[in-house]
Every structure is written in C-alpha cells, then in structure tokens.
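Chain and residue survey
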Amino acid sequence: MRIWLDGALRNAEDARVSVFDHGLTVGDGVFETVKADHGRAFALTRHLERLATSARGLGLPEPDLDEVRRGCAAVLDANPMPLGRLRITYTGGESPLGSDRGDAGPTLVVALSATTRRPDTTAAVTVPWTRNERGALAGLKTTSYGENVVALARAHEQGATEALFANTVGALCEGTGSNVFVVLDGELHTPPLSSGCLAGITRALTVAWAGAKETDLPLDVLERAEEIFLTSTLRDVQAVTRIDGRQLADGPGPVTAEAMRIFDEQSAADLDPR
C-alpha cells in the first residue's frame, strides 16, 4: 500500500507523522472520504470544496487543493482496486502539547483502503446524546470523532449500522457518518443544515436529483415516517428497514427505491457533478 504524505508517495510502513501532530493530540484536523470506483474518484471537486470549508471553519491554513488532487491521483494510481475508500486528512501539524498550534505547518495524508458495496437495506438506532447545532464545529467535517465512535458502538450493540442524533432542541439531525431522509405522506424530507448536520455530498446530490425538501423535523418523526433512508459517500442511498424497535418494510419503499435508482443513474453519468 502506497500513501501520500506531505508531498510524496511513501510505503505504508514508512508513512509516519509525529506523535506531537495536533490531529493526534487534540483532534485538530479535517478530513474527507471519497468513493473510488476502479481508480476514479467520485464528486472529488465537491469533496475538496468541503475540505477547504472545514479547514477555514477550524482556522487551519487554506489547503493547497492542487496538491491534494495530485495526492489523490497518485494514491489511486499506485493502489488499483475495484472499490476503494479514499481518505484525505489535513491536520494542524506538529504542535506543542495542548490546544495551541505550532508553526510547523499542516500535515496532509491521502490513503486508500478497499471496501465493498453496501447492502440495499440496514438498521439504525437513535441515541440519547445530542448534536450541538450552535457549537464551533457544527457542520464541519473534523477529525474530532469521539462522539461518533461512542454512538456507533451503541448501534452495533443493538444490531444496527448507524446511530441517529437529535440536536439540542430535539430536532432530527444526522447519523454518525450519514444524513437521514424520511418520507411523510409520500413526500421526501431531510433536516436542513441549520439543524447542525453535515453538508453531506450525497445528501446535496440527493436533494437536487430526487427533489427532497429541507424541513425541520422532530426526532419522533422516525416513529411515523413511511420510509427512512440514509445517504453517505459509501452508502450512497440506503434504506432503513428497522429503526430502534420499529420494523418498516423488508426492502426499500417506493420513494427510497426511486431515489436509489436516480442516484445510481445520475452518478454513473457524471463522475464529478458540480
């Protein structure tokens, strides 16, 4: 496995960052996960735009997106595989222990691992913890993922693959690594960005392509929604057939199935939708 680290390809065993890197010590970093199909990155421009947005929100130096593109291309070329998870990580770099940043400059890592296509259906649970829609990191894709680790472990304990959060006012927000859509009276809805959810790339494309409405929704909408599905880079559109103890249909409902069809069709037609 070959990894891009600070401007060069390296063997995995030689790709090392300092134990004082701020991304390690305090989670001071941002990242993107990009789907790579036979060496072709999907929606890379959108992902790089969000990487830059997250970096600005965290106060990191503006990333050199041309270098990031070079790193992505080099890693994809060096590690051929049918379906991959391309991970771009950009951190505050070597810094003193504590919250203050150092002056060594940021760290950039691009790595790739093999993955498989997700099943069409899954189970999800709600968790008692909340997203802070008014927090400093709201809407940013940062490496501070401790809350997600805890919540996802809870989901796995209950036989699910995703945990869904409300925000501080009890509105439906997002999953640990996904956005959530619901069908009410035959219409498709998803929480707005003001809920504190991440501006998911797949979410935005699904809103545009499938005509979903951005709607403030209470968490208990999950108890009465006719259909529920998740979107993310590696899930694409995935139906939820069980939420907590509630069993929905055995397979994707009609609105979800149509959203899945549209997404597959549109994403195949345009590798880098703007």
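In short, a report on the structure.

Parameters and conventions
- Residues numbered from 1 in each chain as written.
- Predicted model: local features only at pLDDT ≥ 70, side-chain atom pairs only at ≥ 80, totals over all residues.
- Heavy atoms only, no water.
- Pairing = 2+ DSSP bridges.
- Helix = DSSP H or I, 4+ residues; strand = E, 2+ residues; numbered from the N terminus.
- Contact = heavy atoms within 4.5 Å.
- Axes fitted to C-alpha atoms, helices over the stretch in contact; angles between N-to-C directions.
- 1 Å grid on protein atoms, 1.4 Å probe; cavity = no way out; pocket = protein on both sides within 12 Å on 5 of 7 lines; lining within 4 Å.
- Points joined across faces, edges and corners; volume = space filled by probe spheres on them.
- Nonpolar A, V, L, I, M, F, W, Y, C, P; charged D, E, K, R; others polar.
- Core = buried A, V, L, I, M, F, W, Y, C linked by side-chain atoms within 4.5 Å.
- Buried < 20%, exposed > 50% of the residue type's maximum accessible area, 1.4 Å probe, protein only.

1. Side note on the sheet that holds strand E1 (residues 2-5)
- Here six strands make up an open sheet; going across it, the order is E2-E1-E6-E5-E3-E4 and the pairing antiparallel. Pairing within the sheet leaves two strands with one partner each, and these edge strands are strand E2 (8-11) and strand E4 (40-41).
- As judged from the eight bridges shared by strand E5 (residues 83-91) and strand E6 (residues 107-114), these two strands associate in the antiparallel manner. Considered in E6, the bridge of Arg-85 is made with Ser-113.
- Along the sheet face, helix H2 (residues 44-58) touches strand E3 (29-37), E4 and E5 and points at about 170 degrees away from the line of E3.

2. Let's talk about empty space enclosed by the protein
- Counting across every chain of the model gives one cavity of 30 Å³ or more.
- Here the largest cavity is characterised by a volume of approximately 40 Å³.
- Surrounding the largest cavity, Lys-35, Phe-42, Ala-43, His-47, Ile-201, Thr-202, Thr-233 and Asp-236 form its lining.
- Of the residues assigned to the lining of the largest cavity, the class counts are three nonpolar, three polar and two charged.

3. Looking at the nonpolar core
- Ranked by size, the top nonpolar core spans 23 residues in total, and within it Leu-86, Ile-88 and Val-110 carry the most contacts.
- At the level of secondary structure, the elements contributing two or more residues to this core comprise E3, H2, helix H3 (65-78), E5 and E6.
- Apart from residues lying up to four places away in sequence, Leu-86 is in contact with Glu-32, Thr-33, Val-34, Ala-41, Cys-72, Val-75, Leu-76, Val-110, Ala-111 and Leu-112.
- Counting residues in hydrophobic clusters, the runner-up holds 15 residues, among them Leu-172, Ala-225, Leu-230 and Leu-248.

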